[in-house]
Amino acid sequence: MLRLASCRKRRQGGVLTVDMSEFQEALLKKRRELLAGEGLKPIGSMMGNSRQGDMADQADGINEVHIALKLRSTDAKIMQAIEEALERIDRGTYGVCKDCGEMISAARLRAIPWTRSCITCKEKQK
Ligand SMILES: [Zn+2]
């Protein structure tokens, strides 16, 4: 967490009115949650457990593995987005829409701290 301290120092004097540390903490918290989730559900152990049950249990076990794999790919995308958002905080470009260059609203950043587009651009993509 050394980068946290150095980032705070660099942040001062910017034109941004939004407090980056709030979003940085939200991002770090989410990242911790994702990392903790990975540790709790090793796929190998679930496969092992399913072998001890009857046929129905085995089917459940397979479904669980599929769900876990699906979650993992979503988590991996969010994880990547979180890493990128943390980098943008370091560089001082966090909260700027990648499409139009406008500031993303604080309300939107609070809802999805790793977002890269403002709500206007996001809706245009639909
Ligand atoms: Zn935009």
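Residues numbered from 1 in each chain as written. Predicted model: local features only at pLDDT ≥ 70, side-chain atom pairs only at ≥ 80, totals over all residues.

*Asks:* Describe the overall build of the protein, with residues and values.
*Replies:* Tallying secondary structure elements over the protein gives six helices and zero strands in all. In the protein, the order of α-helices and β-strands from amino to carboxyl end is α-α-α-α-α-α. The buried share of the protein, reckoned over its 126 residues, is 11%. Of the contacts formed within the protein by residues at least 6 apart in sequence, a portion of 48% connects residues at least 24 apart. (Helix = DSSP H or I, 4+ residues; strand = E, 2+ residues; numbered from the N terminus. Buried ≥ 20, exposed ≤ 12 C-beta atoms within 10 Å, placed from the backbone. Contact = placed C-beta atoms within 7 Å.)

*Asks:* So what about the UniProt feature "zinc finger region: dksA C4-type" (unreviewed entry) in the protein? Which residues, and what values?
*Replies:* Those places that UniProt annotates as "zinc finger region: dksA C4-type" (unreviewed entry) correspond, in this numbering, to residues 97–121. Taken end to end, residues 97–121 is 36% helix and 0% strand, and its first and last C-alpha atoms sit 8 Å apart. (UniProt positions renumbered as here; feature names shortened; annotations may be inferred.)

*Asks:* For the environment of Met20, give the residues involved together with the corresponding values.
*Replies:* Assignment of secondary structure puts Met20 in helix α2 (residues 20–40). Separated by 69 residues in the primary sequence, Met20 and Ile89 have C-alpha atoms spaced 7.0 Å apart.

*Asks:* I'd like to hear about the confidence of the model for the protein, residue by residue, with values.
*Replies:* Here the protein averages 78 in pLDDT, while 66% of its residues score no lower than 70. This model gives residues 4–14 a pLDDT under 50, and the stretch forms seven contacts once residues within four places in sequence are excluded. (pLDDT = per-residue confidence, 0-100.)

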